[in-house]
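Here is how the chains run, residue by residue.
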Amino acid sequence: MKQKNLLNPNVKSLALSAMFLAVGLVLPFLTGQIPQVGNMLLPMHLPVLLCGLICGWQYGGAVGFVMPLLRYALFGAPPMPNGLAMAFELAAYGAIVGVLYSRSRWQCVVSLYRSLLIAMVGGRVVWAAVRVVMTGVGGQPFTWQIFLSEALLTAIPGIVLQLVFIPVVMVALDRTGMVRFQKTPAIS
C-alpha cells in the first residue's frame, strides 16, 4: 500500500530549509578545527546547495542570503564586509541550482552535475560583482589575481567536496525514496 504524504509541501520545504540553515550555522565550527583546510572546504555552501536542490530555488536563495548574515550576528564570522558579499554569493548558489535542477528535462545525476557546475560559476560571478562594487566604494581595487586566488585557487578543496558529496547525498536520498530523481521529463 502506498503511503500518503501528510505534510503540506510548503511546510515540509520550510522545515527542511530551517534544518539546512541550522546545519550551515554549525558546520563551520567542525571544519574550523582544521585551520589549514577549514575555510577551504566551504562548509556553508553544502547546505545551501542541498537546500536549493531539495526545497527549491526560493528556499535555497533565502537560506543562502540569510546564513552568513545570521552567522555574523550570532558568532561574528564571516567578518564584514566579506560576509555581505558571501550572502549574495550563497543566495545565487541556492537560487541558480534550484532553478536549473527543477527545470531540467530529467532530474538525474547528469542534470545534477550540470546544475551544480553552473551554480558554482554563477555564484562566484555574483560574489565578484559584489566585491567590485564594495571595493569601488572603499577605494581599493579588486583585481583579477584577487578573484583567482579567493574564488578559485583557495576554494579547490571545497569545490571537489561539493562535486563529490552533494551527488552522493542526492543518490542516497533517491534510493531511500526521500527525494526522487524524475525519470520522465519535468513539466514546465
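Structure first, text after, so check above.
These numbers come from a predicted model, not from an experiment.

The rules we used
Residues numbered from 1 in each chain as written. Predicted model: local features only at pLDDT ≥ 70, side-chain atom pairs only at ≥ 80, totals over all residues. Heavy atoms only, no water. Core = buried A, V, L, I, M, F, W, Y, C linked by side-chain atoms within 4.5 Å. Buried < 20%, exposed > 50% of the residue type's maximum accessible area, 1.4 Å probe, protein only. Helix = DSSP H or I, 4+ residues; strand = E, 2+ residues; numbered from the N terminus. Contact = heavy atoms within 4.5 Å. Axes fitted to C-alpha atoms, helices over the stretch in contact; angles between N-to-C directions. Parallel < 35°, antiparallel > 145°, perpendicular 65-115°, else oblique. Polar contact = N/O pair within 3.5 Å; in protein donor to acceptor, adjacent residues only side chain to side chain. Phe/Tyr/Trp six-rings, centres within 6.5 Å; stacked < 30°, edge-to-face > 60°. Lys NZ or Arg CZ within 6 Å of the ring centre and 35° of its normal. Expected span 1.5 Å × (residues − 1). Bend = angle between axes of the 7 residues up to and from the residue.

Participant: Just to check I follow, could you spell out the nonpolar core for this structure?
Facilitator: Counting residues in each nonpolar core, the largest one holds 26 residues, and the members touching the most others are Leu 49, Leu 53, Met 67, Ile 166 and Met 170. Only helix H1 (9-31), helix H2 (45-55), helix H3 (57-75), helix H4 (82-102), helix H5 (109-138) and helix H7 (156-176) provide two or more residues apiece to this core. With seven residues, H2 is the single largest residue contributor to this core. Each residue touching Leu 53, except ones within four places of it in the same chain, is listed here: Val 97, Tyr 101, Leu 112, Ile 166 and Met 170. In terms of nonpolar packing, the next biggest core, distinct from the first, is built from seven residues, Ala 85, Val 130, Phe 142 and Phe 147 among them.

Participant: Mind showing me how you'd approach unusual backbone geometry here?
Facilitator: In most cases, non-glycine residues show a negative phi, while peptide bonds are predominantly trans. In this structure, Pro 78 follows Ala 77 across a cis peptide bond, with omega equal to 0°. Looking along the chain, the bond that leaves Met 80 and enters Pro 81 is cis, with omega of 5°. With respect to the helices, strands and loops of the structure, Pro 81 is situated in the loop between H3 and H4. For Leu 42, which is not glycine, the phi dihedral falls at a positive 50°. Along the chain, Leu 42 turns up in the loop between H1 and H2. A relative accessible area of 13% places Leu 42 in the buried class.

Participant: What is the right way to look at the packing of H1 against H2 in this model?
Facilitator: Running from N to C, H1 and H2 point in directions that differ by 170°, and their axes come no closer than 8 Å. On the basis of their axis angle, the class for H1 and H2 is roughly antiparallel. Packed against H1, whose contacting residues are Ser 13, Leu 16, Ser 17, Phe 20, Val 23, Gly 24 and Leu 27, the element H2 presents Leu 46, Pro 47, Leu 50, Cys 51, Ile 54 and Cys 55 at the interface.

Participant: What is the right way to read the side chain of Glu 89 from this model?
Facilitator: Residue position: Glu 89 is located in helix H4. Within the structure, the side chain of Glu 89 is placed 3.5 Å from the side chain of His 45, a separation counted as a polar contact. Apart from residues lying up to four places away in sequence, Glu 89 is in contact with His 45, Gly 123, Arg 124, Val 126 and Trp 127.

Participant: What is the right way to look at the packing of aromatic side chains in this model?
Facilitator: Any aromatic ring pair is given by two values, namely how distant the centres are and how the planes are angled relative to each other. Evaluated as defined, the whole model comprises three aromatic pairs. Seen from their ring centres, Phe 29 and Phe 75 are 4.9 Å apart, and the 85° between their planes marks the pair as edge-to-face. Linking Phe 29 in helix H1 with Phe 75 in helix H3, this pair joins segments that are 46 residues apart in sequence. A residue is classified by how much of its surface remains accessible, and Phe 29, at 39% relative accessible area, is partly exposed. Directly above the ring of Phe 29 sits Arg 71, whose terminal nitrogen or CZ lies 4.7 Å from the centroid.

Participant: Is there a simple way to think about H3 in this case?
Facilitator: Note that an α-helix has 3.6 residues per turn; residues three or four places apart therefore point the same way. In this model H3 runs 27 Å from its N-terminal to its C-terminal C-alpha over 19 residues, within 8% of the 27 Å that 1.5 Å per residue would give. Of all the bends found along H3, the most pronounced is centred on Met 67 and spans about 30°, while Pro 68, a proline, follows it within four residues. All buried positions along H3 are accounted for by Gly 60, Gly 61, Val 63, Gly 64, Met 67, Pro 68 and Arg 71. Tucked into the core, H3 has its buried residues touching H1, H2 and H4.

Participant: Even after reading the chapter, I still don't get the environment of Met 40, so can you show me in this structure?
Facilitator: Along the chain, the position of Met 40 falls in the loop between H1 and H2. When sequence neighbours within four positions are dropped, the list of residues in contact with Met 40 reads Thr 154, Ala 155, Pro 157 and Gly 158.

Participant: It is not clear to me how the environment of Gln 36 should be interpreted in this structure. Could you clarify?
Facilitator: Structurally, Gln 36 is set in the loop between H1 and H2. For Gln 36, a relative accessible area of 61% corresponds to the exposed category.

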